[in-house]
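Descriptive structure summary
Here is what each chain is made of, one letter per residue.
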Amino acid sequence: MPFKFWKKEAQKAAPAPPKKPEGKPAAKPAEKPAAKAPAKALEKAAPPAKQPLDVAAEIHRGLVEAGLAMEGTREVFKKRLAEKFGSMEGFEATMTQDPQGTVTGFVVSWLGFTVPAKFDLADLLYSANQRLSSFGTQVSAADEVSVDDAQGLREATFTLGDSQTSLQFQTPREVFNEINSMVRDRGVRFIELETWSEGYAFMLVKSPNWDSLARAELVVVKTEETATGGECPECGSRVGKRWATCIACSTRIEA
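Residues numbered from 1 in each chain as written. Predicted model: local features only at pLDDT ≥ 70, side-chain atom pairs only at ≥ 80, totals over all residues. Heavy atoms only, no water.

For the rest of this paragraph, the subject is the pairing of strand E2 (residues 140-148). In this sheet, strand E3 (residues 153-160) lies alongside E2 in antiparallel orientation, the contact comprising 6 bridges. Paired with Asp-148 across the two strands is Leu-153, which belongs to E3. Remark: 4 residues form the turn of the hairpin made by E2 and E3, two consecutive strands paired antiparallel; Gly-152 in that turn has positive phi of roughly 70 degrees. (Pairing = 2+ DSSP bridges. Helix = DSSP H or I, 4+ residues; strand = E, 2+ residues; numbered from the N terminus.)

The subject of this paragraph is the packing of helix H6 (residues 121-132) against helix H7 (residues 172-182). Following both chains from N to C, one finds H6 and H7 inclined at 45 degrees, their axes separated by 12 Å at the closest point. Here H6 lies oblique to H7, going by the angle between them. Seen from above, H6 lies across H7 with right-handed handedness. From H6, Leu-121, Leu-124, Leu-125 and Ala-128 reach across to H7, where they touch Pro-172, Val-175, Phe-176 and Ile-179. Of the residues that constitute the contact of H6 with H7, the class distribution is 8 nonpolar, no polar and no charged. (Axes fitted to C-alpha atoms, helices over the stretch in contact; angles between N-to-C directions. Parallel < 35°, antiparallel > 145°, perpendicular 65-115°, else oblique. Left-handed = near helix turned anticlockwise from the far one by under 90°. Contact = heavy atoms within 4.5 Å. Nonpolar A, V, L, I, M, F, W, Y, C, P; charged D, E, K, R; others polar.)

Once that is clear, we can look at the packing of helix H2 (residues 52-65) against helix H5 (residues 99-111). Following both chains from N to C, one finds H2 and H5 inclined at 70 degrees, their axes separated by 13 Å at the closest point. Put simply, H2 runs roughly perpendicular to H5. Considering how the two elements wind past one another, H2 and H5 form a crossing that is right-handed. Across the interface between the two elements, Ile-59, His-60 and Leu-63 of H2 pack against Val-103, Val-107 and Trp-110 of H5. In the contact of H2 with H5, the residues fall into 5 nonpolar, 1 polar and no charged.

Turning to unusual backbone geometry, a few remarks are in order. Unusually for a residue other than glycine, Trp-196 sits at a positive phi of about 55 degrees. Assignment of secondary structure puts Trp-196 in the loop between strand E5 (189-193) and strand E6 (200-205). On the basis of relative accessible area, Trp-196 is assigned to the partly exposed category, the value being 33%. (Buried < 20%, exposed > 50% of the residue type's maximum accessible area, 1.4 Å probe, protein only.)

The analysis is restricted to geometry; functional conclusions fall outside its scope.
Right, dumping it as structure tokens:
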């Protein structure tokens with residue numbers, strides 16, 4: 001379902017009347033001029049502008065179809081929008097300027113969480129486990145050590161139930177990739193959302209609609225499934241529409 005409601009369509013002008021044939025017309029008896037039709041009747045009626053609440057409802061419907069929100073959260077969604085942007089009109093004005101950035105940022109603040117580039121592993125796991133607890137799952141890490149201070153390379157042992165794995169990591173993305181491997185059988189997954197900054201953002205999802213998310217009409221998600229926007233100029237990995245950086249080598253991608 002396309003989401004182009006923030007673009008204004010130009011109103012088409014009424015066609016010009018046909019030119020009169022050249023030459024002197026034959027004389028006709030004077031007739032009483034016919035009443036002119038109202039000017040508005042000659043123009044095609046412009047579609048009524050969508051109200052901010054209608055725009056919000058359409059966006060929420062798109063989030064539900066993408067598998068990022070539940071139908072029953074529509075009223076909460078509208079309430080949170082008004083709180084974050086001051087009013088529904090304020091949200092619509094901001095979204096008109098940058099639809100994907102505005103909606104993606106709101107979804108992060110509503111359903112997701114952020115992780116700084118220089119992150120504390122305990123804080124990362126706290127945010128992850130807050131979401132995983134709803135599914136009766138918790139991930140822990142122990143024996144964290146620094147492997148290469150200059151490169152920011154660390155190593156830790158991750159545990160989920162009877163599963164245990166040792167991982168070397170530099171970025172939050174690498175940690176969540178490992179967590180996703182560990183919770184694969186639980187039917188949930190952490191997805192990364194674009195932040196257009198050095199930081200990271202994630203949210204836990206159950207049944208994402210990858211076809212919808214790959215179009216990046218509302219929310220910009222950074223996964224292999226949404227990498228449909230060409231190749232990274234540095235490493236050649238597939239990248240997605242509106243991505244700011246490559247998920248394989250972190251190279252900045254020109255818009």
